[in-house]
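The lines below spell out each chain.
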Amino acid sequence: MTAKPPISALTDHLGYWLRLVSNHVSASFARRLEAEGVAVAEWVVLRVLYDVDALAPSKLAARMGMTRGAISKLADKLVAKGLVDRADDLEDGRAHTLELTKAGRALVPRLAKLADANDRAFFAGLTAKEREGLKRLMERTAAQLGLDDIPVS
């Protein structure tokens, strides 16, 4: 039998640990959102729109790193749920913008509390200083790699 060259174990890689934790954090949050009738991608759209009066679908797609077609499908779902409205773009009569309805604007803070609770549940074993340090390291890594689109899945 020939000797196998030594190779690193799966658990030797930081990416392994990041995926392990991220997958569980994300799945838990998705379940919390589903109980409210909202998917993760829909939550992201709602949260982005919460900070603006209205936004063109193309700008929303760019922020989220998605195609305009995908944003259109998400918008259709959110319009059907009464959480988002389409309005004529005042600058370009051929285009439209997306904006939260009153119900959508009221829902976002409730969903944000779910996100906060999910983070607390998963990272309660870390001190505040450790959580902040981990966040800074992830932000620095993302910046070095030019990762600036909003994670949706």
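Source: prediction; values computed, not measured.

Some words on the side chain of Ser28
Position of Ser28 among the secondary structure elements: in helix H1 (residues 14-34). A relative accessible area of 9% places Ser28 in the buried class. Those residues in contact with Ser28, other than ones at most four positions away along the chain, are Asn118 and Phe122.

With respect to the environment of His96
Tracing the sequence through the fold places His96 in strand S2 (residues 96-100). Residue classification places His96 among the partly exposed residues on the basis of a relative accessible area of 30%. Linking His96 and Pro5, residues 91 residues apart in sequence, is a C-alpha distance of 59 Å. Not counting the four nearest positions on each side in its chain, His96 is found in contact with Ala56, Pro57, Arg86, Ala87, Asp88 and Asp89. A distance of 3.5 Å separates polar atoms of two side chains, one belonging to His96 and the other to Arg86.

Some details on helix H3 (residues 57-64)
Here H3 has its buried residues at Pro57, Leu60, Ala61 and Met64. Along H3, the residues classed as buried sweep out an arc of 100° about the axis, all on the same side. Opposite the packed face of H3, turned more than 90 degrees from it, sit the exposed residues Lys59 and Ala62. Residues of H3 that are buried sit in contact with helix H2 (40-50), helix H4 (68-80) and S2. Directly beyond the C-terminal end of H3, a positive phi value near 65° is found at Gly65.

Examining the side chain of Asn118
By the secondary structure assignment, Asn118 is in helix H5 (residues 102-123). Using a relative accessible area of 2% as the deciding quantity, one classes Asn118 as buried. What Asn118 contacts, discounting residues up to four positions off in sequence, is Val25, Ser28, Phe29 and Arg32.

What counts and what doesn't
- Residues numbered from 1 in each chain as written.
- Predicted model: local features only at pLDDT ≥ 70, side-chain atom pairs only at ≥ 80, totals over all residues.
- Heavy atoms only, no water.
- Helix = DSSP H or I, 4+ residues; strand = E, 2+ residues; numbered from the N terminus.
- Buried < 20%, exposed > 50% of the residue type's maximum accessible area, 1.4 Å probe, protein only.
- Contact = heavy atoms within 4.5 Å.
- Polar contact = N/O pair within 3.5 Å; in protein donor to acceptor, adjacent residues only side chain to side chain.
- Arc of directions from axis to C-beta.

Nothing here speaks to function; it is all geometry.
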